[in-house]
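Results of the structural survey
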Amino acid sequence: MYSIIDTHCHLDIIQEQGQDIAESLKKAKESGIKKIVQIGIDLESSIRAKGLSEKFSDEEIEIFYSIGCHPTETHEFPKKEEILTLVKENVTDKKLSAIGEIGLDYYHDASTKAYQADVLHAFLEASSQYSLPVVIHSRDAAEDTVSILKDHRDKAFGVIHCFTYDYPTAKKLVDLGYYISFSGIVAFKNARDIQEAAEKLPLESMLIETDAPFLAPPPFRGKRNEPSYTKFVLEKMFSLRKESNAQVEKTLYNNSLKFTQRKAYHHD
């Protein structure tokens, strides 16, 4: 059995789609998942994420959580200060692994670019203030994402989750000190740019995730994703990397463990 950490999951949304969290975690344990990061996307879900970590962590699986404001949740932007206060109130909680998800999304609504940028800057400042990693969502916004993260270089740190760009973009982000996290998309047949990034980046700079219930990897593409499917992302990594399977598994696990412990990726 593998040892895996799912660094980005939405157990609450899986439950909304019809599968109890207890069942999701049972399957996760059976597939080798040792830890899960439950992601907050707005004030309500961030509060819920903390509750899930308290309720469902046990000796077999540990649930971490994040507090964030997703860039498509523009209706939540006025609650930015409340969300930042929630971060401050929980900064000593070791189950709080990150601020996020936050970021830029021009695919759904490019008209709010300036507003998204302002909110992102605020959360990146909090990353620096509290030494908490950020979980960055970036869709159709590669150039602006790199630019804004450069503004906070050597202060804010974290991961680019569900990476969907190409290797040159990934290299820029890694050079800024960010992990790159690969979801089930890396196993899609037409995802050659993403696969090239997974092949060429330093193994020490990479994480894996499901983003469940979204983006299920083959052979479940188009169906509801869940944490137990992280193993299919790992197995795709085996096929892309030159290192031994054991080394890939161990390194990705250790990288993910560092992330949950609020430690940055340090590059040369």
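Everything that follows concerns the structure shown earlier in this document.
This is a predicted model, so every value here is computed, not measured. (Residues numbered from 1 in each chain as written. Predicted model: local features only at pLDDT ≥ 70, side-chain atom pairs only at ≥ 80, totals over all residues. Heavy atoms only, no water.)

**Some points on empty space enclosed by the protein**
Unoccupied space between atoms shows up once a probe the size of one water molecule is rolled over them. Per the counting criterion, the structure on display carries 3 cavities of 30 Å³ or more. Looking at the largest cavity, its volume works out to about 50 Å³. The dominant element in the lining of the largest cavity, judged by the number of residues it contributes, is helix 10 (residues 245-260), at 4 residues. Classifying every residue of the lining of the largest cavity by side-chain character gives 6 nonpolar, 2 polar and 1 charged. (1 Å grid on protein atoms, 1.4 Å probe; cavity = no way out; pocket = protein on both sides within 12 Å on 5 of 7 lines; lining within 4 Å. Points joined across faces, edges and corners; volume = space filled by probe spheres on them. Helix = DSSP H or I, 4+ residues; strand = E, 2+ residues; numbered from the N terminus. Nonpolar A, V, L, I, M, F, W, Y, C, P; charged D, E, K, R; others polar.)

**Some details on the layout of surface pockets**
Empty space within the largest pocket amounts to approximately 440 Å³. Along its surface, the largest pocket is lined by 19 residues, and H70, H108, H137, R139 and D211 are the ones closest to its centre. Those elements that place two or more of their residues in the lining of the largest pocket are strand 4 (96-105) and strand 5 (134-139). Ranked by residue count, the leading element in the lining of the largest pocket is strand 5, at 3 residues. Among the residues making up the lining of the largest pocket, the classes are represented as 6 nonpolar, 8 polar and 5 charged. One number sums up the size of the second largest pocket: a volume of about 160 Å³. Around the second largest pocket, the lining comprises 10 residues; the ones closest to its centre are D154, G177, A264, Y265 and H266. Residue composition of the lining of the second largest pocket, grouped by class: 5 nonpolar, 3 polar and 2 charged.

**With respect to the packing of aromatic side chains**
Overall, the coordinates contain 8 aromatic pairs when judged by the stated rule. Both rings, one in Y2 and one in F238, keep their centres 5.8 Å apart while their planes meet at 70 degrees; by these two values the pair is edge-to-face. Remark: F238 occurs in helix 9 (residues 230-240) and Y2 occurs in the segment before strand 1 (4-9); sequence separation between them is 236 residues. Taking the relative accessible area as the measure of exposure, Y2 reaches 23% and is therefore partly exposed. Between F163 and Y165, the aromatic rings sit 5.9 Å apart at their centres with planes inclined by 85 degrees, giving edge-to-face as the arrangement. Its end group placed over the ring of Y106, K113 keeps NZ or CZ at 4.7 Å from the ring centre. The ring of Y167 carries K200 above its face, with NZ or CZ at 5.3 Å from the centroid. (Phe/Tyr/Trp six-rings, centres within 6.5 Å; stacked < 30°, edge-to-face > 60°. Buried < 20%, exposed > 50% of the residue type's maximum accessible area, 1.4 Å probe, protein only. Lys NZ or Arg CZ within 6 Å of the ring centre and 35° of its normal.)

**Examining the side chain of D93**
Locating D93 in the fold gives a position in the loop between helix 4 (80-90) and strand 4. Residues within four places of D93 in sequence aside, it is in contact with K50, Y65 and R262. (Contact = heavy atoms within 4.5 Å.)

**So, the nonpolar core**
Membership of the largest hydrophobic core comes to 86 residues, with the highest contact counts inside it found for I36, L124, F163, I180 and F182. For this core, the leading source of residues is helix 5 (residues 113-130), giving 8 residues. Ignoring any residue separated from it by four or fewer positions in sequence, one finds F163 in contact with A170, L173, I180, S181, F182, I194 and A197. (Core = buried A, V, L, I, M, F, W, Y, C linked by side-chain atoms within 4.5 Å.)

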